[in-house]
Amino acid sequence: MDKAIFDKRRRDLMQQMGGGLALIPTAPVRNRNRDVNFPFRPDSDFYYLTHFPEPEACAVLVPGRAHGEFILFCRERNPEKEIWDGRRAGLDGARELYGADDAFPIDDIDEILPGLLENREKVFCSMGRHPDFDAKLMEWVNEVRAKSRNGVSAPGEFVDLNHLLHEMRLFKRPEEIRLMKRAAKVSTQAHRRAMQTCRPGLMEYEIEAELLHEFKKGGSQSPAYPPIVGGGANSCILHYTENNTELKAGDMLLIDAGAEIDGYAADITRSFPVSGKFSAEQRAVYEVVLAAQHAAIERVKSGNHWNEPHEAAVRILVDGLMQLKLLNGSTDQLLETGAYKRFYMHRTGHWLGLDVHDVGDYKLHDTWRLLEPGMVLTVEPGLYIAAGDPAIPPGFWNTGIRIEDDVLVTRDGNEVLSRDAPKTVDDIEALMKG
Ligand code: GLY
Ligand code: MN
Ligand code: MN
């Protein structure tokens, strides 16, 4: 991406800071076992502001600093280490490729940072996310305090950076929407491939392999979260990720999987019969969830409040559960008591972006915030009917259905980014038959 984009983001943030200094470290490298680390993934806030992909880096924004406002601490070039661990941008790369005004070795941060904090009133940072970094910051501040007799003042105000930065991240700019569309496209291709491949006797992980194949082929660096591939009883476990059971004829399969493209997530769920043909009961439950999803997506428009899609979905799910005779009573009473939560225990969506459960407030001053163009959210109602209750006809047992799409709020309504993944009964059955 053009580095001017990131320059603009930093300038927008600095304008809102009104002085002070912001510290944004990237994520730490995490050890998996002995000499093996987990694949590195930059911190989303850091990446949003820098596009810098390497570990061991920290951005410092100092509005008004004469020698440059964007300082990047990063690893220095090191030909020997680069032979082992891969290329590094180095200090020159930080300036030339990533637009840093000044770049310093990360190994020198303890010496340099206290000087930058001198005579700055406010420090903006995300406290609590990287505890080791927080502890370092306090050490640096104490060093500045120790100089107070020389007339140097230490920062007295520590402000949560999240309020400003996460509000920016909530509104997706065109270049972000392009990436989210790519993530959705790669992911819908993966879901289609899973439907086309699925048949009784395969293992859940074999379907997962088909998803990962499409993700990688589409240029995704990583799944945005561990794929959920749950057949039969496993379709009723919301965050099932073992993916190690054989798929059986007659069962439903629930797949919740999305690719990440340059940091941006897709988050898509489809549910379909392993054999390619819905039973009467599966179809009945499926149509209720689909109707709930349609109603919710219709409520995704500028000016509606955050909870309207959820409210619309829950009402239809409750009516459907009554029609299926899985619940008794009146709609209002069931909504009030929450009796439906036995079958629908999660909410209908969340913000989506660099993080799967993306940042941004859902309420402002204690009331649901209004949807505005540029926001992206998921719409993901479901019903989960586990086995075992003798009051429920066995034909409904082990039926877990969720339908999840990624929806962009536009000026005149919305755009479903994941629309290419089939979701009507007819479309699913046709694709699986073909
Ligand atoms: N894949 C996690 C979620 O749907 O929220
Ligand atoms: Mn999901
Ligand atoms: Mn989701």
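Remember, it's a predicted structure, so these values are computed and weren't measured experimentally.

A look at the packing of aromatic side chains
- Inspection of every chain in the model, using the stated rule, returns eight aromatic pairs.
- Ring plane angle 80 degrees and centroid distance 4.9 Å describe the contact between F52 and Y98, whose orientation is recorded as edge-to-face. With F52 in the loop between α2 (44–50) and β4 (58–61) and Y98 in the loop between α4 (90–96) and β6 (102–105), this pair connects stretches of sequence that are 46 residues apart. Neither residue differs from the other here; F52 and Y98 are each classed as buried.

Things to note about the coordination of the manganese ion (ligand 3)
- With distances of 2.0 to 2.2 Å, the protein atoms coordinating the manganese ion (ligand 3) are D267 (OD), H350 (NE2), E380 (OE) and E404 (OE).
- In this structure, the manganese ion (ligand 3) is coordinated by six donor atoms arranged in irregular fashion, with angles at the metal of 51 to 155 degrees.
- Here the manganese ion (ligand 2) and the manganese ion (ligand 3) are spaced 3.3 Å from one another, each receiving a donor from D267. In this pair, D267 sits in the loop between β13 (264–265) and β14 (268–273) while E380 sits in the loop between β17 (376–379) and β18 (382–385), placing the two residues 113 residues apart along the sequence. Taken individually, D267 and E380 each receive the classification buried, so the pair is uniform in this respect.

Some words on the site of ligand 1
- Neighbouring ligand 1 are Y225, D256, D267, H350, H357, E380 and E404.
- At 3.2 Å from a nitrogen atom of ligand 1 is found a side-chain nitrogen or oxygen belonging to D256.
- In this structure, H357 approaches ligand 1 through a side-chain N or O atom, which is 2.7 Å from an oxygen atom.
- Bound to the protein, ligand 1 loses 89% of the 190 Å² it would expose on its own.
- For the shell around ligand 1, a count of residues per class yields one nonpolar, two polar and four charged.

Some words on the packing of helix α8 (residues 174–197) against helix α9 (residues 204–217)
- Two elements in contact, α8 and α9, have axes separated by 8 Å at closest approach and are oriented at 145 degrees. Relative to α9, α8 is oriented so that their crossing is right-handed. Contacts from V186, S187, Q189, A190, H191, R193, A194 and T197 of α8 reach α9 at I207, E210, L211, H213, E214 and F215.
- Tallied by class, residues from the contact of α8 with α9 come to six nonpolar, five polar and three charged.

A word on the nonpolar core
- Residues L13, I207, L253, I255 and L383 are the most contacted members of the largest nonpolar core, which totals 106 residues.
- The element contributing the most residues to this core is α8, with nine residues.
- Core analysis: the second largest hydrophobic core is formed by 20 residues, L21, F73, I109 and V152 among them.

Focus: the state of the cysteines
- According to the stated counting rule, one finds zero disulfides in the structure shown.
- With no disulfide of its own, C74 has C58 as its nearest cysteine by sulfur position, at a separation of 11 Å.
- Of all cysteine sulfurs, the one in C198 lies closest to C236, which takes part in no disulfide; the gap is 16 Å.

Some words on the pattern of salt bridges
- Within this structure, the stated rule accounts for 30 salt bridges.
- A salt bridge links D358 to R169; the nearest nitrogen and oxygen atoms lie 2.9 Å apart. Of this pair, D358 sits in the loop between α12 (331–337) and β15 (363–364) while R169 sits in helix α7 (residues 162–170), and the two are 189 residues apart along the sequence.
- Classification of D358 as buried rests on a relative accessible area of 5%.
- A salt bridge links E287 to R283, with the nearest nitrogen and oxygen atoms 3.9 Å apart. In this pair, E287 and R283 both sit in helix α10 (residues 280–298), four residues apart, roughly one turn of the helix.
- Salt bridges here are not isolated pairs; linked through shared partners, they connect D43, D45, R129, R169, K172, D355 and D358.

Re the coordination of the manganese ion (ligand 2)
- In this structure, D256 (OD), D256 (OD), D267 (OD) and E404 (OE) serve as the protein donors to the manganese ion (ligand 2), at separations of 2.0 to 2.3 Å.
- Bound by six donor atoms, the manganese ion (ligand 2) shows angles of 57 to 170 degrees at the metal and therefore irregular coordination geometry.
- For the manganese ion (ligand 2), the donor residues sit on a single chain with the sequence spacing D-x10-D-x136-E.

So, the side chain of H166
- For H166, the location among the structural elements is in helix α7.
- Other than its neighbours up to four places away in sequence, H166 contacts D45, R129, V359 and G360.

Describing the pairing of β14
- Of all the six residues making up β14, six are buried; the element is thus mostly covered by neighbouring parts of the structure.
- The two faces of β14 match: I268, R270 and F272 on one face and T269, S271 and P273 on the other face are all buried.
- Strand direction decides the pairing type here: strand β11 (residues 252–257) and β14, joined by six bridges, are antiparallel. Of the residues in β14, the one forming a bridge with I255 is R270.

Let's talk about the sheet that holds strand β5 (residues 70–74)
- Spatially, six strands are ordered β6-β5-β4-β1-β7-β8 in an open sheet, and the strand pairing comes out mixed. This sheet does not close on itself; its edge strands, each paired only once, are β6 and β8 (157–160). Taking each pair of neighbouring strands and ignoring which way they run, the sheet shows an average axis angle of 20 degrees.
- Sitting on the sheet, helix α1 (residues 3–17) is in contact with β1 (21–25), β4, β5 and β7 (122–125), with an inclination near 50 degrees to β4.
- The strands touched by helix α5 (residues 109–117) are β1, β4, β5, β6 and β7; relative to β5, the strand with the most contacts, the crossing angle is about 160 degrees.

What counts and how
- Per chain, the residues get numbers from 1 upward, laid out in the order the sequence is written.
- A letter from A marks each chain and a number from 1 marks each ligand, given out in the order of writing.
- The predicted origin of the model limits local features to residues at a pLDDT of at least 70 and limits the giving and counting of side-chain atom pairs to 80 or more, whereas totals for whole chains, interfaces and linings rest on all residues.
- To obtain the side-chain values, all non-hydrogen atoms of the structure were included, while hydrogens and water were left out.
- Here the aromatic set is Phe, Tyr and Trp, taking the six-membered ring for Trp, and pairing holds for ring centres within 6.5 Å; pairs whose planes are under 30 degrees apart are stacked, those over 60 apart are edge-to-face, and all others are tilted.
- Helix and strand definitions here come from DSSP, where helices need a minimum of 4 consecutive H or I residues and strands a minimum of 2 consecutive E residues; each element is numbered from the N-terminal end.
- Whether a residue is buried, partly exposed or exposed follows from its accessible area with a 1.4 Å probe, protein chains only, as a fraction of its type maximum: under 20%, in between, or over 50%, in that order.
- Any N, O or S atom lying within 2.8 Å of the metal counts as a donor, and for Na, K and Ca the limit rises to 3.2 Å; water is left out, so some sites can look incomplete.
- The rule is simple: four donors are tetrahedral if all their angles sit between 85 and 135 degrees, four are square planar and six octahedral if opposite donors span more than 155 degrees and the others lie between 65 and 115, and anything that fits none of that is irregular.
- Here a residue counts as near a molecule or strand whenever at least one of its heavy atoms sits within 4 Å of it.
- Counting of polar contacts relies on pairs of N or O atoms within 3.5 Å, with two restrictions inside protein: one atom must be capable of donating a hydrogen and the other of accepting it, and residues adjacent in sequence are counted only when both atoms are side-chain atoms.
- We get accessible surface area from the Shrake-Rupley algorithm with a probe of 1.4 Å; when it comes to residues, only the shown protein chains can shield them.
- Side-chain classes are defined by residue name, with Ala, Val, Leu, Ile, Met, Phe, Trp, Tyr, Cys and Pro counting as nonpolar, Asp, Glu, Lys and Arg as charged, and the others, Gly among them, as polar.
- Under this scheme, a helix contributes an axis fitted over its contacting stretch, all axes are lines through C-alpha atoms, and angles between N-to-C directions fall in the 0 to 180 degree range.
- Crossing handedness is read from the near helix: turned anticlockwise from the far helix by less than a right angle, it gives a left-handed crossing, and turned clockwise, a right-handed one.
- Only heavy atoms matter for contacts: two residues are in contact if any of them lie within 4.5 Å across the pair.
- Buried Ala, Val, Leu, Ile, Met, Phe, Trp, Tyr and Cys residues that are joined via side-chain atoms within 4.5 Å together make up what is termed a nonpolar core.
- Two cysteine sulfurs form what is called a disulfide whenever their separation falls within 2.5 Å.
- A pairing counts as a salt bridge when a side-chain nitrogen of Lys or Arg comes within 4 Å of a carboxyl oxygen of Asp or Glu.
- DSSP bridges decide pairing: two strands pair if at least two such bridges lie between them.

Function cannot be inferred from these measures alone, as they are strictly geometric.
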